[in-house]
Amino acid sequence: MKNVILGICGSPRKQATEYVLTEALKKMEEKGYETELFTVRGKDIGPCKNCDYCIRKGECLLKDDMYELYPLFKDVQGIIMATPIYNGGVSAQIKAVMDRTRAAAAVDIDFLKHKVGMAIAVGGDRVGGQELAIQQIMTFYILNGTIPVSGGPFGSNLGANFWSHDTLKGVKEDEEGFRSLKKTIKRFQEYLEKYQSE
């Protein structure tokens, strides 16, 4: 398995969420990892139809931009999934990405097994639904055998939690958000190193 970290941005805009994810990937590059960024921005990704075509045929019925993402899962060691907060939870776009991985699992049920995953949530309010969104991403990891990583139990945070004030400037000035990112990245790297050596 290569030392590659895949960042998946669930925002349709090039604003706060993509900025924070890019900063997280830069931190991983500084630690010696290769990174790959996939963003839903400008992409055509339809919702899963739960039609079981993937189970019967080994591929998704919907031939859209998810086919850019499917091969990226293969050689990555870790995943950082980032979402803006929409109505107190994940964006429709990141939910579509999660649901559409059903086709990848139909081909290889273990396609995400033993990889390490962390989450980033960016909301317009400090308590706008970030933890609920992070929990949904963590649930996705758990269901797929990915090892979910939080920021730790003391001064606990489930993942990197940002308050953007609905602006790029706001997220750049969120010192508490970047503190949670630093803590989560630290534990993310610890888990990557542990499971890389085994």
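Residues numbered from 1 in each chain as written. Predicted model: local features only at pLDDT ≥ 70, side-chain atom pairs only at ≥ 80, totals over all residues. Heavy atoms only, no water.

**Describing the side chain of T83**
Convention followed: We count a stretch as a helix when DSSP gives it H or I for four or more residues in a row; a strand needs E for two or more, and each element gets its number in order from the N terminus. In this scheme, a residue with accessible area under 20% of its type's maximum is buried, one over 50% is exposed, and one in between is partly exposed, where area comes from a 1.4 Å probe on protein chains only. Polar contact criterion, stated in full: a pair of N or O atoms within 3.5 Å, where within protein one must be able to donate a hydrogen and the other to accept it, and residues adjacent in sequence count only if both atoms are side-chain atoms. We call two residues contacting when some pair of their heavy atoms lies within 4.5 Å.
The residue T83 is located in strand 3 (residues 78–84) in this model. The class of T83 is buried, set by a relative accessible area of 0%. One polar contact links the side chain of T83 to the main-chain amide nitrogen of S91, over a distance of 3.0 Å. Sequence-distant contacts of T83, that is, excluding residues within four places in its chain, are made with T17, V90, S91, I94, I120, A121, V122, A133 and I137.

**So, the nonpolar core**
Within soluble globular proteins, side chains that are nonpolar tend to cluster in buried spots. Our working rule: For our purposes a nonpolar core is just a set of buried Ala, Val, Leu, Ile, Met, Phe, Trp, Tyr and Cys residues, chained together by side-chain atoms within 4.5 Å.
Within the largest apolar cluster, 35 residues are counted, with the highest numbers of intra-cluster contacts made by I8, L69, F73 and M81. Listed by contribution, the elements that provide at least two residues to this core are strand 1 (4–9), helix 3 (66–69), strand 3, helix 4 (92–100), helix 5 (102–107), strand 4 (116–123) and helix 6 (130–143). Counting 24 residues, the second-largest nonpolar core is a separate cluster that includes I147, V149, A160 and L192.

**What to know about the side chain of N157**
Its place among the elements puts N157 in the loop between strand 5 (147–148) and strand 6 (160–163). Note on N157: relative accessible area 10%, which makes it buried. At 3.2 Å, the side chain of N157 and the side chain of K183 are in polar contact.

**Overview of the packing of helix 1 (residues 16–30) against helix 8 (residues 175–196)**
The cut-off we apply is this: A fitted line through C-alpha atoms represents every axis, and for helices the fit uses only the stretch in contact; the resulting angles, taken between N-to-C directions, go from 0 to 180 degrees. Roughly parallel refers to an angle under 35 degrees, roughly antiparallel to one over 145, roughly perpendicular to one between 65 and 115, and oblique to any angle outside these ranges. Working rule for handedness: look at the near helix, and if it is turned counterclockwise from the far one by less than a right angle, call the crossing left-handed; if clockwise, right-handed. Under this grouping Gly is polar, as are all residues other than the nonpolar Ala, Val, Leu, Ile, Met, Phe, Trp, Tyr, Cys and Pro and the charged Asp, Glu, Lys and Arg.
Close contact between helix 1 and helix 8 brings their axes to 11 Å; oriented N to C, the two are set at 45°. Of the possible angle classes, the one that applies to helix 1 and helix 8 is oblique. The handedness of the crossing between helix 1 and helix 8 is right-handed. Two secondary-structure elements touch here, helix 1 through Y19, V20, E23, A24, K27 and M28 and helix 8 through F178, L181, I185, F188 and L192. Classifying every residue of the contact of helix 1 with helix 8 by side-chain character gives nine nonpolar, no polar and two charged.

**A few points about the environment of M138**
By secondary structure assignment, the location of M138 is in helix 6. The class of M138 is buried, set by a relative accessible area of 11%. Taking the C-alpha atoms as reference points, M138 and G78, 60 residues apart in sequence, are found 13 Å from one another. Not counting residues within four places of it along the chain, the set of residues in contact with M138 comprises A119, P148, V149, S150 and L158.

**What about empty space enclosed by the protein?**
Test applied: Here a cavity denotes a set of grid points, spaced 1 Å apart and computed over the protein atoms alone, in which a 1.4 Å probe fits but from which it cannot get out, and a pocket denotes an open set meeting protein on both sides within 12 Å along at least five of seven lines; residues with an atom within 4 Å of a point are reported as lining. Grid points are joined across faces, edges and corners, and a volume is the space filled by probe spheres set on the points.
The tally for this structure, following the rule as stated, stands at one cavity of 30 Å³ or more. If you add up the space inside the largest cavity, you get close to 110 Å³. What lines the largest cavity is a set of 15 residues, among which C48, K49, C51, C54 and C60 lie closest to the centre. Those elements that place two or more of their residues in the lining of the largest cavity are helix 2 (53–57), helix 4 and helix 5. Within the lining of the largest cavity, the residues separate by chemical class into nine nonpolar, one polar and five charged.

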